[in-house]
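Summary of the model geometry
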Amino acid sequence: QVQLVESGGGLVQAGGSLRLSCAASGRTFSYYAMGWFRQAPGKEREFVAAIRWSEGITYYANSVKGRFTISRDNAKNTVYLQMNSLKPEDTAVYYCAADRARLSTRAYEYDYWGQGTQVTVSS
């Protein structure tokens, strides 16, 4: 059984910050990478950031570079997404995902998903 639970979403004004958490349980030793995706109404699920579980190597979408930071705490089996300088365009449901085999930007390549947390950025 693999479980991913996101938390930390909410309503914030433009320019503000939020910190999302994703607590993982199950066979976390087999996770190669963890990723964050987001999906706004009427749009496709979009890659945000990913991190290699063991070494901490990271990758970011161009739209969030310099504003978002992904990190992990191996002892807590938790990944984080620190979101600064938030924009209304960042409004979406944010999903945590785990991949057993690769660090990927493609949603379909991830094996496990949380159910998402809403982030709303107001003007």
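Our subject is the structure that appears above.
Everything in this summary refers to the structure shown in the same document.

**Some words on the overall build of the chain**
When helices and strands are counted, the chain shows zero helices and eleven strands. Shown N-terminal to C-terminal, the secondary structure of the chain runs as helices and strands in the order β-β-β-β-β-β-β-β-β-β-β. Rg of the C-alpha trace for the chain: 13 Å, near the compact-globule value of 14 Å for 123 residues, within the 12% margin. C-alpha extents for the chain along the principal axes are approximately 40 × 30 × 25 Å. Put simply, 56% of the contacts in the chain that link residues at least 6 apart link residues at least 24 apart. Counting every atom, the chain has about 6,400 Å² of accessible surface; 45% of that belongs to carbon and sulfur.

**Describing the environment of serine 17**
Tracing the backbone through its elements, the reader meets serine 17 in the loop between β2 (10-13) and β3 (18-25). We classify serine 17 as partly exposed; its relative accessible area is 38%. Excluding its chain neighbours within four sequence positions, the residues that come into contact with serine 17 are Val12, Gln82, Met83, Asn84, Ser85 and Leu86. At a separation of 2.9 Å, a polar atom in the side chain of serine 17 contacts the side chain of asparagine 84.

**Regarding the state of the cysteines**
Throughout the structure, instances matching the rule amount to one disulfide. Two residues, cysteine 22 and cysteine 96, share a disulfide whose sulfurs are 2.0 Å apart. Here cysteine 22 and cysteine 96 share a disulfide; its torsion about the S-S bond, -80°, makes the bridge left-handed. Of this pair, cysteine 22 sits in strand β3 while cysteine 96 sits in strand β9 (residues 92-99), and the two are 74 residues apart along the sequence. Considered together, cysteine 22 and cysteine 96 belong to a single accessibility category, that of buried residues.

**Quick notes on the packing of aromatic side chains**
Throughout the structure, instances matching the rule amount to six aromatic pairs. Each ring, one from phenylalanine 37 and one from tyrosine 110, has its centre 5.1 Å from the other, and the planes form 80°; the classification is edge-to-face. Residue phenylalanine 37 is found in strand β4 (residues 33-39), and its partner tyrosine 110 is found in the loop between β9 and β10 (112-113); the two are separated by 73 residues along the sequence. With a relative accessible area of 1%, phenylalanine 37 lands in the buried category. Look at tyrosine 110 and you get buried, because its relative accessible area is 5%. Within the aromatic cluster, the residues linked to one another by ring pairs are Phe37, Phe47, Tyr59, Tyr95, Tyr110 and Trp113. Just above the ring of tryptophan 113 sits the side chain of arginine 45; from NZ or CZ to the centre is 4.9 Å.

**Some details on the nonpolar core**
In this structure, Met34, Trp36, Leu81, Met83 and Tyr94 are the most contacted members of the largest nonpolar core, which totals 35 residues. Looking at this core, the elements with two or more residues in it are β3, β4, β5 (46-52), β7 (68-73), β8 (78-83), β9 and β11 (117-122). Look past the residues within four positions of leucine 81 in its chain and what remains in contact with it is Leu18, Arg19, Leu20, Trp36, Val48, Ala49, Phe68, Thr69, Ile70 and Tyr94.

Reading guide: rules and limits
- Residues numbered from 1 in each chain as written.
- Predicted model: local features only at pLDDT ≥ 70, side-chain atom pairs only at ≥ 80, totals over all residues.
- Heavy atoms only, no water.
- Helix = DSSP H or I, 4+ residues; strand = E, 2+ residues; numbered from the N terminus.
- Rg over C-alpha atoms; globule rule 2.2 N^0.38 Å.
- Contact = heavy atoms within 4.5 Å.
- Areas by Shrake-Rupley, 256 points an atom, 1.4 Å probe, with all protein chains shown as cover.
- Buried < 20%, exposed > 50% of the residue type's maximum accessible area, 1.4 Å probe, protein only.
- Polar contact = N/O pair within 3.5 Å; in protein donor to acceptor, adjacent residues only side chain to side chain.
- Disulfide = S-S within 2.5 Å.
- Phe/Tyr/Trp six-rings, centres within 6.5 Å; stacked < 30°, edge-to-face > 60°.
- Lys NZ or Arg CZ within 6 Å of the ring centre and 35° of its normal.
- Core = buried A, V, L, I, M, F, W, Y, C linked by side-chain atoms within 4.5 Å.

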